[in-house]
Amino acid sequence: MSHDLLGPDGWTPVNHGESGAAVFRSADGARYAKSGPAAELAAERDRIDWLATQGFPGQRTLDWQITDDGARLVTSAVEGVPADQMSRAQLEQAWPSIAGAVRRLHDLPGCPFSRDLGQMFALATDVVARDAVTPDFLPEDQIATPPAELLARLAPELDLRHKQEAERSVVCHGDLTLPNIILDPETLTVSGFVDLGRLGLADPHADLALLFATAGEIWPEPGGDLFGFEVDPDRIRFYLHLDALTWG
Ligand SMILES: Nc1ncnc2c1ncn2[C@@H]1O[C@H](COP(=O)(O)OP(=O)(O)OP(=O)(O)O)[C@@H](O)[C@H]1O
Ligand SMILES: [Mg+2]
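Computed from a predicted structure; not experimentally measured.

1. Let's talk about the coordination of the magnesium ion (ligand 2)
- Within the protein, Asn180 (OD1) and Asp195 (OD) serve as the donor atoms for the magnesium ion (ligand 2), at 2.1 to 2.4 Å. With Asn180 in the loop between β7 (170-172) and β8 (181-184) and Asp195 in the loop between β9 (189-193) and β10 (200-202), this residue pair connects regions lying 15 residues apart in the sequence.
- In this structure Asp195 comes out as partly exposed when scored by relative accessible area, which is 22%.

This is the structure:
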């Protein structure tokens with residue numbers, strides 16, 4: 001590796017991050033550092049600290065610094081392998097544990113953070129207005145459609161989705177993709193979740209939409225009835241399409 005690929009203090013860049021944040025792993029693998037906008041990282045730090053108080057296994061905040069171009073958050077490593085790096089057979093075997101961990105999160109009695117539909121739709125509206133949608137995050141059959149049109153297609157469902165959200169909101173991870181679920185490769189059980197910047201109260205379909213979409217790339221039929229409620233495919237589709245418009 002050439003020297004200029006090394007991060008601060010010789011930390012190694014982690015390549016599979018999805019946001020604008022830069023993520024580095026310490027030489028001994030025990031710590032991760034994330035650099036980016038201070039407000040976003042402060043939100044992530046507060047959620048990590050809160051989830052730790054709930055007895056949930058996962059990252060712990062080790063250090064927090066304001067830097068010249070934002071902030072730097074250092075957390076303890078969750079030991080294991082991100083779930084997107086597993087084979088289909090391994091993912092199938094890990095699935096009950098993944099579902100169990102998601103249910104434990106969703107069953108927490110509440111949390112001080114929200115990522116409700118109002119916020120997410122406002123975020124998507126802003127990203128679309130700035131013409132900042134990341135095409136890579138769009139479902140393949142939507143890449144050719146103008147993002148404003150994609151957003152307009154979701155708007156007629158808003159009343160219904162708000163009503164459903166009011167009926168049941170739970171503590172959601174907020175970016176429940178396979179790379180953010182760390183598995184113990186020996187036992188194929190969940191070691192912990194990472195990337196908690198969007199954790200907050202929301203319709204549980206918002207989490208399952210991302211989980212099923214990313215798992216579906218490895219194993220075409222994830223899902224099942226392990227999640228403790230009847231999954232509504234229309235809501236899965238709605239939240240998947242909305243999420244794709246919120247990154248930018
Ligand atoms: N504390 C940690 N323990 C184990 N793995 C980690 C840890 N922090 C980050 N990782 C690994 O690095 C990857 C990227 O980190 P992270 O998900 O926080 O950044 P990101 O995807 O860029 O964030 P964003 O949600 O803003 O897109 C994770 O998917 C995970 O594989
Ligand atoms: Mg991530």
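2. Looking at the pairing of β8
- Two strands pair when backbone bridges link them, and strand β6 (residues 81-82) and β8 are joined in this way by two bridges, in the antiparallel orientation. Among the inter-strand pairings, Val81 is bridged to a residue of β8, identified as Leu183.
- Relative to β9, β8 is paired through four bridges, and the arrangement is antiparallel. Looking at the pairing, Ile182 lines up with Gly192 of β9.
- Turn length for the β8-β9 hairpin, with the two strands adjacent in sequence and antiparallel, is four residues, and the turn residue Leu188 shows positive phi of about 55°.

3. Regarding the domain arrangement of the chain
- Once the domains are mapped, the chain shows domain 1 (3-76) and domain 2 (81-243).
- One C-alpha centre belongs to domain 1, the other to domain 2, and the line joining them spans 22 Å.
- Facing the 15 residues of domain 1 at the interface are 25 residues of domain 2.
- Counting each side, the surface lost to burial between domain 1 and domain 2 is near 1,600 Å², with a carbon and sulfur contribution of 66%.
- On inspection of domain 1 and its partner domain 2, the count reaches one salt bridge.
- For the pair domain 1 and domain 2, the number of links is two residue pairs in polar contact (both at pLDDT 80 or more).
- With seven residues, the single largest contributor to the side of domain 1 that touches domain 2 is helix α1 (residues 38-53).
- Tallied by class, the residues present in the side of domain 1 that touches domain 2 amount to six nonpolar, four polar and five charged.

Rules and cut-offs
Residues numbered from 1 in each chain as written. Chains lettered and ligands numbered in written order. Predicted model: local features only at pLDDT ≥ 70, side-chain atom pairs only at ≥ 80, totals over all residues. Heavy atoms only, no water. Donors = N, O, S within 2.8 Å, 3.2 Å for Na, K, Ca; no water. Helix = DSSP H or I, 4+ residues; strand = E, 2+ residues; numbered from the N terminus. Buried < 20%, exposed > 50% of the residue type's maximum accessible area, 1.4 Å probe, protein only. Pairing = 2+ DSSP bridges. Domains from an automatic or database assignment. Contact = heavy atoms within 4.5 Å. Buried area = accessible area lost by both parts, 1.4 Å probe. Salt bridge = Lys/Arg side-chain N within 4 Å of Asp/Glu carboxyl O. Polar contact = N/O pair within 3.5 Å; in protein donor to acceptor, adjacent residues only side chain to side chain. Nonpolar A, V, L, I, M, F, W, Y, C, P; charged D, E, K, R; others polar.

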